[in-house]
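Tertiary structure, described
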Amino acid sequence: MLYIGSHVGFKKDTQLVGSVKEALSYGANTFMFYTGAPQNTQRSGIEDGLTLEAMSIMKDSDIDYSKVVVHAPYIINLANSDKEKFNFSTRFLQEEIHRCEELGVKYMVLHPGSHVGEGIDNGIENIIKGLDIILENTKTNIIILLETMAGKGSEVGSRLEEIEKIIKNCKYSDNLGVCLDTCHLSDAGYNIKDFNTFLDNFDKIIGIEKIGCVHVNDSKNEPSSHKDRHENIGFGHIGFETLIGVIYNERLENVPKILETPYVDKEYAPYKYEIEMIRNKVFDSELINKIRQSL
Ligand code: FE
Ligand code: FE
Ligand code: ZN
């Protein structure tokens, strides 16, 4: 079974109901959302009435809620040595875990962080410390999925070995997993054309069972560019065939695939069209124009 969806909004007034309706409008059977704006940490309280309403909508739909993931805001940085910023990040992530629990979401994607010039080993050490604090304090069942990064700036997590080091040295490694991002992997220099070979390598370093989510994005840049600029499916340097190979790889069959591709002209969500194209497994070079014309 293919679990495919995209990131969707989560608005103050409609909350999970709005997210579910948006996902359904794209023909998705899973989705990812930020519990507020991704670039800030302002969050409003979860309204249980809306959560229950969303559950009942999902019951009559194809959406499998057990495959739905939350993405932590990307300004959170556990790798930072600055005490104030580090404490703020751990505090916010604990609150975010409670929100996930309230919403009944099991997976939370997290960017490992940026060491901001302090060096990769320092960054890794801070991340481990932060995760230990968060998981100690919350005693949660939530799985935090560390995302593979492009290696932009001082990002930690562009090498699988870095993620492995974090998971291995955290006291609560059972609460940790990995989110692959195809754009980031390519930008970081991993060859995903032969995805089975990549997975063999991943399995050796981390263990394939740790993969809890795949972000499916094409890349605006060449392999090893370390840029992190997402492109629509089939319109970038990774290409449709390779992405289809990732999406339909039977070793990751039960893992949700989430699109984070850019809006067309910054305005029109491409997900309904991209999901349809992915289901058809045939690249449509006119897709972007079609999206423009349909609106
Ligand atoms: Fe991400
Ligand atoms: Fe991503
Ligand atoms: Zn990215």
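Residues numbered from 1 in each chain as written. Chains lettered and ligands numbered in written order. Predicted model: local features only at pLDDT ≥ 70, side-chain atom pairs only at ≥ 80, totals over all residues. Heavy atoms only, no water.

**Quick notes on the overall build of the protein**
Scanning the protein from N- to C-terminus turns up ten helices and twelve strands. Compactness check: the protein gives a C-alpha radius of gyration of 18 Å against a globular reference of 19 Å for 295 residues, within 12% of the reference. On the principal axes, the C-alpha backbone points of the protein span a range of 50 × 45 × 35 Å. Every one of the 295 residues in the protein was classed for burial, and the buried ones make up 57%. Excluding contacts between residues fewer than 6 apart, the proportion of contacts in the protein whose partners are at least 24 apart in sequence is 76%. For the protein, the computed accessible surface area is about 12900 Å², with 47% contributed by carbon and sulfur atoms. Taking the average location of the 32 positive side-chain charges in the protein and that of its 45 negative ones, the two points are 2 Å from each other. (Helix = DSSP H or I, 4+ residues; strand = E, 2+ residues; numbered from the N terminus. Rg over C-alpha atoms; globule rule 2.2 N^0.38 Å. Buried < 20%, exposed > 50% of the residue type's maximum accessible area, 1.4 Å probe, protein only. Contact = heavy atoms within 4.5 Å. Areas by Shrake-Rupley, 256 points an atom, 1.4 Å probe, with all protein chains shown as cover. Lys, Arg positive; Asp, Glu negative; His and termini not counted. Charge placed at Lys NZ, Arg CZ, Asp CG, Glu CD.)

**Thoughts on the coordination of the zinc ion (ligand 3)**
When a metal carries six donors in an octahedron, the ideal angles between them are 90 or 180 degrees, while four donors in a tetrahedron ideally lie at 109.5 degrees. For the zinc ion (ligand 3), the full set of protein donor atoms is His184 (NE2), Asp228 (OD) and His230 (NE2), at a range of 1.9 to 2.2 Å. Positions of the donor residues of the zinc ion (ligand 3), expressed as sequence spacing, correspond to H-x43-D-x1-H. Metal-to-metal, the separation of the zinc ion (ligand 3) and the iron ion (ligand 1) is 5.5 Å. Placement of His184 in helix H6 (residues 182-188) and of His230 in strand S11 (residues 230-231) is noted, with a sequence separation of 46 residues between them. Looking at His184, the relative accessible area reads 2%, which means it is buried. (Donors = N, O, S within 2.8 Å, 3.2 Å for Na, K, Ca; no water.)

**Focus on the coordination of the iron ion (ligand 1)**
For the iron ion (ligand 1), the full set of protein donor atoms is His71 (NE2), His111 (NE2) and Glu147 (OE), at a range of 2.1 to 2.3 Å. Taken in chain order, the donor set of the iron ion (ligand 1) reads H-x39-H-x35-E. A separation of 3.2 Å is found between the iron ion (ligand 1) and the iron ion (ligand 2), which share Glu147 as a coordinating residue. Of this pair, His111 sits in the loop between strand S4 (107-110) and strand S5 (113-114) while Glu147 sits in strand S6 (residues 143-147), and the two are 36 residues apart along the sequence.

**Observations regarding the packing of helix H3 (residues 83-103) against helix H4 (residues 120-138)**
Here H3 crosses H4 at 40°, and the two axes come no closer than 10 Å. In terms of their interaxial angle, H3 and H4 are classed as oblique. Between H3 and H4 lies a crossing whose hand is right-handed. Taking contact as the criterion, the partners of Phe86, Thr90, Leu93, Gln94, Ile97 and His98 in H3 are, on H4, Asn126, Lys129, Gly130, Ile133, Ile134, Asn137 and Thr138. Considered class by class, the residues forming the contact of H3 with H4 number five nonpolar, seven polar and one charged. (Axes fitted to C-alpha atoms, helices over the stretch in contact; angles between N-to-C directions. Parallel < 35°, antiparallel > 145°, perpendicular 65-115°, else oblique. Left-handed = near helix turned anticlockwise from the far one by under 90°. Nonpolar A, V, L, I, M, F, W, Y, C, P; charged D, E, K, R; others polar.)

**What about the state of the cysteines?**
Within this structure, the stated rule accounts for zero disulfides. With no disulfide of its own, Cys179 lies closest to Cys213 among cysteine sulfurs, the gap being 4.0 Å. Residue classification places Cys179 among the buried positions, given a relative accessible area of 0%. (Disulfide = S-S within 2.5 Å.)

**Some points on the nonpolar core**
By size, the foremost hydrophobic cluster in this structure holds 83 residues, and its most contacted members are Leu16, Phe31, Phe33, Leu131, Leu180 and Phe198. Considering each element in turn, this core owes the most residues, six residues, to H4. Core analysis: the second largest hydrophobic core is formed by eight residues, Met32, Val69, Cys213 and Ile258 among them. (Core = buried A, V, L, I, M, F, W, Y, C linked by side-chain atoms within 4.5 Å.)

**A look at the pattern of salt bridges**
What the rule picks out here adds up to seven salt bridges. Here Glu231 and Lys220 are joined by a salt bridge, their closest N and O atoms 3.4 Å apart. In this pair, Glu231 is assigned in strand S11 and Lys220 in the loop between strand S10 (218-219) and S11, connecting sequence segments eleven residues apart. Between Arg292 and Asp265 there is a salt bridge; the shortest N-O distance is 2.8 Å. Of this pair, Arg292 sits in helix H10 (residues 287-294) while Asp265 sits in the loop between strand S12 (257-259) and helix H9 (271-280), placing them 27 residues apart in sequence. (Salt bridge = Lys/Arg side-chain N within 4 Å of Asp/Glu carboxyl O.)

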